[in-house]
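Inside the fold
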Amino acid sequence: MPKDPAIKKVLVIGSGPIIIGQAAEFDYAGTQACRTLKEEGIKVVLINSNPATIMTDAEMADRIYLEPLTLDFVIEVIKVERPDGLLPTLGGQVGLNMAEKLWEAGVLDKYNVRLLGTPVWAIKKAEDRKLFKELMEELQEPIPASAIVNSIEDALSTADKLTYPVIVRPAFTLGGTGGGVASRSEELEVIASKGLKLSPVNQLLIEQSVAGWKEIEYEVIRDAKDNCITICNMENIDPVGIHTGDSIVVAPSQTLSDVEHQTLRSASIRIIRALGIEGGCNIQYALHPNKLEYYVIEVNPRLSRSSALASKATGYPIARVATKVALGYSLDEITNSVTGSTSACFEPALDYVVVKIPRWPFDKFETAQRKLGSQMKATGEVMALGRNFESALLKGIRSLELDTQTLSMSELKTLTKEELFEALKYADDRRLWVIAEAFRRGISIREVEKATSINPFFLSKIANLVQWESKLAAAGSDRETLLMAKTLGFSDAQIAEFCQMTTLEVRALRKKYGIEAAFRMVDTCAGEFPAATPYYYSTYGEANELEVSEENKVIVIGSGPIRIGQGIEFDYCSVHSAWALQEAGASAVVINNNPETVSTDFDTSSTLFFEPLTDEEVLNVIEQEKPAGVLVQFGGQTAINLAKPLAEAGVTILGTSVSDMDLAEDREKFHHILQELQIPHPQGGTAMSVKGAEEIALELGFPVLVRPSYVLGGRAMEIVYNQGELRQYLTQAVKVSRQNPILVDRYILGREVEVDAVSDGRDVLIPGIMEHVEKAGIHSGDSSAVFPSRSLPQEVIEKILDYTSRLARRMQIKGMLNIQFVVQGLEVYVLEANPRSSRTVPFISKVLNTPLVKIATRIMLGQSLADQGYQPAGEKGYIYLAPEKITAVKMPVFSFAKLADVETSLGPEMKSTGEVLGLDTDPTKAMYKAFLAAGYDIPPQGTILATIADKDKAEALEILKGFHMLGYTIAATPGTAKMLQGEGVAAILVNKIKDGSPHVVDFIRQGKADLVINTLTRGKEPARDGFRIRRAAVEYGVACTTSLDTVRAILKVMESMIRVKSLQDYIGG
Amino acid sequence: MKGVLVLEDGTVFHGESCGKPGQTGGEVVFSTAMTGYQEVFTDPSFAGQIVALTYPLVGNYGISACYQEAARAAARGIIIKEEAVDISGGAKVKRLSQFLEENDLVGIKGVDTRTLTKHLRTHGTMRGIISTLETPVDVLVQMARELPLISEQKLTEQVSTADRYILPGSWPTVAVLDLGVKSNSIRTLSKLGCTVVVLPAYSTPGDIMAVEPDGLFISNGPGDPKSIPQVTETVRSLLGCLPMMGICMGHQILALALGADTYKMKFGHRGGNQPVKDLATGRVYITSQNHGFSIRPESLPHDTVVTHINLNDGTIEGIKHKHLPLFSVQFHPEGAPGPRDTTNLFIDFMRNMSLQGGGHCA
């Protein structure tokens, strides 16, 4: 059946901000869908609040709405645009839920919008636990015994019937939010009460636990003609019990016999048929480890994280094909874009092993509960391909960019055997390393299997790698040993460590032996047909298939896994850089390892290498591709970190030179330059001891900003207000020493301002100035930012522009430069400069309609700004662009609800996982939209719970008065309440925790507060009090902030919502 | 122990011995199936051939008695990348190495089977030798060139049952002409309630009709269908007498019996992901395949129609007679290994038998 000609305009709903459980994969799916729609000549209308995405680019859609993903806003878009169809299955759970809401509200019927691909009842049957259960029973597909409950009492009685342990799954939540395994009634009570609150329909599934079984997933596609294909099956190495997003996953399945595989495959086809899905679907099973018995665990009637993974693992463009199917094409009418000749109606055959490893944020959240369970905690993931499991695993580990690049983790070496067994039994993010450590200690595969329920097939592979570690140490480095080690995926650095050589010596030795990386193609057909798609991975000891073109090539280094501090923004930059290269006539070679992203879609670049981003692996590519140069400014810190080793190996780094980058990265050098240019900056010093730090702090005066000398993204950075706190920081948080120096800076309390500039070394393009809503001291990634700044005096603006252009020229920046300032009065201080693209570049590019990445890429290729039409006026040497009509507000989004025990208060260390944009011609409305999009659902009337530290009371008073005037009820703990009453503001008195129940936390739990304001008290109140208040707010879904600046912004927005004013108010009488 | 694979065009692949040491020769083919190595190694259609698996990890879940497609392995040898050492599945399963030894299979591992596959896809299937005996390569190349071609070999005898045997059931009675039948075809018929009578390949029409069948099932099997003209004759003489279903070589035999011609393909179809289009419904099914010969489209007589084609290369995947209850498919609806999307064809056969039982020519 060809495409339906009635569909001329299609609305695509994006997935909104990146949070745990919903990451870059939906940008990948959405982008592929938009491109496919455009290819079909269909007008694309897109709504997504996430400005860091490729899908919200002008090239991707005809009409882009960077608006909040709420029902009201989507309805408005539909009213204006009148699309013929709606694609609901590409925007993750957010998109799916929205489509359902639209349908329920009768909007789709009213405006004649057809739901494309997946019918509403299919969504309902897959998503609603009860309907799903009925459908499975009708199909005679086994599901674990379970019951749906709406209360804690029912949960408890159900669990008694099913016998513990039971799994709790709240309905309609992301990534299993609020779920868990309960082995006792007390545990169940806690999990169930949270789950009920988090489920939008107050519904829970209490389910018989099949923990320990194999967890297997299938990606299925069906078309309107009822043709069904399974793209890929995936086996979780971690058994059922650990969320699939937190599991190490291998594709294709490794331990399933054909009978087992076909049994599950046939079941998948029966299920997708029964659901009537026209498009893609993900089905998860629990399979008994030793007999042919299975349960269907979950069906996702949409594209998912797993489908992105399956797409990258097989080379099969699932989102593209699903989109075409939704438009009416049948699978046999679609061409396999990898081979270019065969049909898309087939099932990929792999001749390699794919390993996916999640990336967890516990390096940022040290207090977080690291144990893995049914609640997903990973922020991102990496994928690695190899011709054997071992090499895929080791490549995956290297791609994670952790402190360890190998199977050994130093912190585990001190564990006792008992502790090790405990760690095996209760998996956390270190489980892979715990298993390796167990083998190193001589614990048998059998014992590890018993403790972990991981299949011995996988365990033996890890044991093999551990054995090779000692084999290498003993055997040394003859050709055969070296070849075998490389074939198993060991890095040169690791071999060097075992053989007591240097990395360079190992590299030289293997070159002498002729042991070189060979690149193999991902072709969807295991070599059966010639393929046209240049998508490669490396291996050793085999033939090289790489066809190196004679074209002018440039390598773009990607940004690796999504993690806090390095999100999807950097993939946006990498992709745009690759496109800019192609537009400029160069061939773009992308190296990256993140399966969720657009950059790893094989048709984004000219050639894609799916590899770890280590100097060894990148050099392997460079040696064969022989590019004109490498771009390191777009892949975040990952790419920047590679600049130096690559340059040392003789590779040309395009744009700003490595030594010039060092001027910004090296603190001493940077300060030196600032002094030379007479640009103010906070005074500070480096301390090697506690005493040294104290001396510096006394000289500067408190508060001071302290951090270890070499850190990324504000890790372990803190503001300390007095001697006691400083000492505590230096002895507990970070151990200061000669090897581990500490930086102590004066902390300037002021407005934080940020600039992203592009320079060719002579002229500087400054696309506006962003102003942070929150005071300096909160990481820029966690601050809301207004763009362009609407409040800075002209004198300050000129200083900022002047400092920026002089710094860019002095550092000979050729490409991107991000500078952070703090403004106090009329004084402007430079805090830091990053010689690379920053996370704000995507949204600024969009708001200004200026392709910053493209301009920067062209500069790196040798063009000047003037060549590109950007001529500075006058002698200042800079071009200042600022949007006149619109204001954009960038607001961070957090995933605290998924991470138990994480401190939610904001500081110099970044904690947000994503961001949204509020866009309007009216700055207050832009702020309002940003709050809405970020999930602050504050009713026009309601209760505000305030617990304010003494130092903030005066400031808070004015704000709370404002809310009181608007008719809000204020509830407060005794100190704050007393202050309010003193000022004539009535306040409900709420007990502090120590005063006993019902106290503040109960108040929050009972749903009495609509907004919680909790400012931080340092060293007075028991630290846990504030922490418990904030956690309670997060866990019970109540908006909570620790920043009075944020609260002030909310107040301003709420004030603006009042439409009626007296004449006196208007004229100021 | 070192091993070597030498192809008739002089191409050499080095590896290590796996299975029985020694030397073996045959037509080298590749299969892209990612699961079901045991079913592949025991599929009688691989007689006379050395089979290379494109999926690099083999033996991961061991060998289980229930996955045999014949009592013994039929392939002449196997070529794999990596053999699993520690396996999944508990104590009941055997290791691949033990299976290979028990089946006297010579194999080679550590071979870059992707490069081999690309070679065969480009140059076509060819003869080759696996040796662990340190025979000089030029000698092995010569030996490979002297191996009989697949079409010249008498392979059916090696895999067909020597004696008739019966798997009791109820209605209908299906005569299975065993050209190298896979167990799962028999299992599938049995599960549908059939009484299955398995007959040697060279049974006469009289032998077949003697079991009073309601239908004739012509099985899969190794080699060139034209190398067993007596079987084609037998089938031809029974055309119109009873409903027939052919699979793989059975499909080619039926076509030959109807007057069509077959040819040897460049490298055939072997794997579990071949898309086949049912021309009557427009539906596409993913099928399991293992064949190196195919029907010439232009040779089909007027009373025979093509029912299925391969979506990748357009080759004939199924035919049926316009008037008589005869149909056959090139792919394997019984899977094993491979998808079960087309098991309905067995039901079609049952329907034909119920509409027109056997015995018309008895």
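Please read these numbers as outputs of a predicted model, since none were measured by experiment. (Residues numbered from 1 in each chain as written. Chains lettered and ligands numbered in written order. Predicted model: local features only at pLDDT ≥ 70, side-chain atom pairs only at ≥ 80, totals over all residues.)

Broken down by element type, chain B carries 10 helices and 19 strands. Here chain B has a C-alpha radius of gyration of 20 Å; the compact-globule value for 362 residues is 21 Å, and the two agree. When the backbone C-alpha atoms are referred to their principal axes, chain B occupies close to 60 × 45 × 40 Å. For chain B, the proportion of its 362 residues judged to be buried stands at 62%. Taking all contacts inside chain B whose residues are at least 6 apart in sequence as the whole, residues at least 24 apart take part in 76%. (Helix = DSSP H or I, 4+ residues; strand = E, 2+ residues; numbered from the N terminus. Rg over C-alpha atoms; globule rule 2.2 N^0.38 Å. Buried ≥ 20, exposed ≤ 12 C-beta atoms within 10 Å, placed from the backbone. Contact = placed C-beta atoms within 7 Å.)

When you go through chain A residue by residue, the secondary structure sums to 36 helices and 40 strands. Here the C-alpha radius of gyration of chain A, 28 Å, is about what a compact globule of 1069 residues would show, namely 31 Å. When its C-alpha atoms are laid out on the principal axes, chain A stretches across 80 × 65 × 65 Å. Per-residue burial over chain A gives 59% buried out of 1069 residues. Pairs at least 24 residues apart make up 71% of the contacts formed inside chain A by residues separated by at least 6 positions.

The next thing to look at is the interface of chain B and chain A. A common way to report how large an interface is uses the accessible area buried once the components associate. Taken together, the contact between chain B and chain A spans 42 residues of the former and 42 residues of the latter. Of all the secondary structure elements, the ones that give two or more residues to the side of chain B that touches chain A are helix 3 (113-123), strand 15 (262-278) and strand 16 (284-295) of chain B. Among the elements that make up the side of chain B that touches chain A, the one with the highest residue count is helix 3 of chain B (five residues). Residue composition of the side of chain B that touches chain A, grouped by class: 16 nonpolar, 15 polar and 11 charged. (Nonpolar A, V, L, I, M, F, W, Y, C, P; charged D, E, K, R; others polar.)

For the rest of this paragraph, the subject is the environment of Arg320 of chain A. Residues and elements named next belong to chain A. Summarising the element assignment, Arg320 is placed in helix 11 (residues 318-326). Through-space distance from the C-alpha of Arg320 to that of Gly178 is 33 Å; in sequence the pair is 142 residues apart. With residues up to four places along the chain from it excluded, the contact list for Arg320 reads Gln32 and Thr36.

What follows is about the sheet that holds strand 26 (residues 742-746) of chain A. All names here are of chain A. Read from one edge of the open sheet, four strands run 23-26-24-25, paired in antiparallel fashion. Either end of the sheet is taken by a strand with one partner, and the two such strands are strand 23 (684-687) and strand 25 (718-720). Ignoring strand direction, the axes of neighbouring strands in this sheet form an average angle of 25 degrees. The pairing of strand 24 (residues 704-708) with strand 26 spans five bridges and is classified as antiparallel. Bridged to Arg707 within strand 26 is Leu743. Of the strands in this sheet, strand 23, strand 24 and strand 26 touch helix 25 (residues 690-700), which is tilted by about 10 degrees from strand 26. (Pairing = 2+ DSSP bridges. Axes fitted to C-alpha atoms, helices over the stretch in contact; angles between N-to-C directions.)

Turning our attention to the packing of helix 15 (residues 445-452) of chain A against helix 16 (residues 456-475) of chain A. Residue and element names in this part refer to chain A. Packing of helix 15 against helix 16 leaves a shortest axis separation of 10 Å and a crossing angle of 130 degrees. The angle between helix 15 and helix 16 falls in the class oblique. The crossing of helix 15 and helix 16 is right-handed. On helix 16, the residues touching Ile445, Val448 and Glu449 of helix 15 are Pro456, Leu459, Ser460 and Ala463. (Parallel < 35°, antiparallel > 145°, perpendicular 65-115°, else oblique. Left-handed = near helix turned anticlockwise from the far one by under 90°.)

For the rest of this paragraph, the subject is unusual backbone geometry. Residue Pro788 of chain A follows Phe787 of chain A across a cis peptide bond; omega there is -5 degrees. Mapped onto the elements, Pro788 of chain A comes out in the loop between strand 30 (785-787) and helix 27 (794-810). Cis geometry marks the peptide bond from Trp171 of chain B to Pro172 of chain B; its omega dihedral reads -10 degrees. Relative to the assigned elements, Pro172 of chain B resides in strand 11 (residues 170-178). Non-glycine residue Asn112 of chain A carries a positive phi angle of around 55 degrees. Along the chain, Asn112 of chain A turns up in the loop between helix 4 (107-110) and strand 5 (114-115).

Attention now goes to helix 3 of chain B. Along helix 3 of chain B, the residues that are buried comprise Thr113, Arg114, Leu116, Thr117, Lys118, His119 and Leu120 of chain B. On its buried face, helix 3 of chain B sits against strand 17 (518-521) of chain A together with strand 2 (12-19), strand 3 (23-31), strand 4 (49-53), strand 6 (77-79) and strand 15 of chain B. Remark: Gly124 of chain B follows helix 3 of chain B within two positions and exhibits a positive phi of approximately 90 degrees.

Residues of helix 23 (residues 658-665) of chain A that are buried: Met661, Leu663, Ala664 and Glu665 of chain A. Where helix 23 of chain A is buried, its residues contact helix 22 (636-648), helix 24 (667-676) and strand 32 (827-834) of chain A.

All names here are of chain B. Strand order across the open sheet formed by 10 strands is 10-12-11-13-14-19-18-17-15-16, with mixed pairing between neighbours. Only two strands of the sheet have a single partner each, and these edge strands are strand 10 (165-167) and strand 16. Strand after strand, the sheet turns through a mean of 20 degrees between neighbouring axes, direction not considered. Relative to strand 19 (residues 326-329), strand 18 (residues 316-321) is paired through three bridges, and the arrangement is antiparallel. Bridged to Ile319 within strand 19 is Ser328. Along the sheet, helix 6 (residues 183-191) contacts strand 10, strand 11, strand 12 (194-200), strand 13 (215-218) and strand 14 (244-247); its crossing angle with strand 12, the most-contacted strand, is approximately 150 degrees. Strands strand 11, strand 13, strand 14 and strand 19 of the sheet are contacted by helix 10 (residues 344-355), whose axis makes an angle of about 150 degrees with strand 13.

What follows covers the environment of Pro974 of chain A. All names here are of chain A. One can find Pro974 in helix 32 (residues 974-982). Note on Pro974: 14 C-beta atoms within 10 Å, which makes it partly exposed. Sequence spacing of Pro974 and Ala649 is 325 residues, and the spatial spacing of their C-alpha atoms is 65 Å.

Attention now goes to the nonpolar core. Counting residues in each nonpolar core, the largest one holds 440 residues, and the members touching the most others are Leu46, Ile557, Ile1004 and Val1012 of chain A together with Val176 of chain B. In this structure Ile557 of chain A touches Ile591, Leu613, Val618, Val630, Leu631, Val632, Gly635, Ala639 and Leu642 of chain A, once residues within four positions along its chain are discounted. (Core = buried A, V, L, I, M, F, W, Y, C linked by C-beta atoms within 7 Å.)

Moving on, we get to the environment of Ser391 of chain A. Turning to its location among the elements, Ser391 of chain A is positioned in helix 12 (residues 389-399). Aside from chain neighbours lying at most four places away, what touches Ser391 of chain A is Gly386, Thr487, Leu488, Gly489 and Thr539 of chain A.

Turning our attention to the packing of helix 30 (residues 923-933) of chain A against helix 35 (residues 1044-1056) of chain A. Residues and elements named next belong to chain A. In contact at an axis separation of 9 Å, helix 30 and helix 35 are set at 110 degrees when each is read in the N-to-C sense. Between helix 30 and helix 35, the interaxial angle falls into the category roughly perpendicular. Between helix 30 and helix 35 the crossing geometry is left-handed. Along its contact with helix 30, which presents Thr924, Met927, Tyr928 and Phe931, the element helix 35 presents Ala1049, Ile1050, Lys1052, Val1053 and Ser1056.

Regular strands place side chains that alternate from one sheet face to the opposite one. All names here are of chain A. When you tally the buried positions in strand 14 (residues 294-300), you get six out of seven residues, the bulk of the element. Relative to strand 14, strand 13 (residues 279-287) runs antiparallel, the two being bridged by six bridges. The residue of strand 14 that forms the bridge with Ala286 is Tyr295. Counted along the chain from strand 13 to the antiparallel partner strand 14, the turn is six residues long.

Right, let's talk about the pairing of strand 27 (residues 751-760) of chain A for a bit. Residue and element names in this part refer to chain A. Counting buried positions over the 10 residues of strand 27 gives 10, a clear majority of the element. Where burial is concerned, the two faces of strand 27 agree: the one with Arg751, Val753, Val755, Ala757 and Ser759 and the one with Glu752, Glu754, Asp756, Val758 and Asp760 are both buried. Two strands pair when backbone bridges link them, and strand 27 and strand 29 (residues 770-775) are joined in this way by three bridges, in the antiparallel orientation. Across the sheet, residue Glu754 finds its bridge partner in strand 29, namely Met770. Across 10 bridges, strand 27 lies against strand 31 (residues 814-824) in antiparallel orientation. Following the sheet pairing, Val755 is matched in strand 31 by Ile819. Across two bridges, strand 27 lies against strand 28 (residues 764-767) in antiparallel orientation. Within strand 28, the position partnered with Ser759 by the bridge is Val764.

This part takes up the confidence of the model for chain B. Counting all residues, the mean pLDDT for chain B is 95, and 98% of those residues have values of 70 or more. Predicted as a complex, the structure gets a pTM of 0.94 and an ipTM equal to 0.97. (pLDDT = per-residue confidence, 0-100.)

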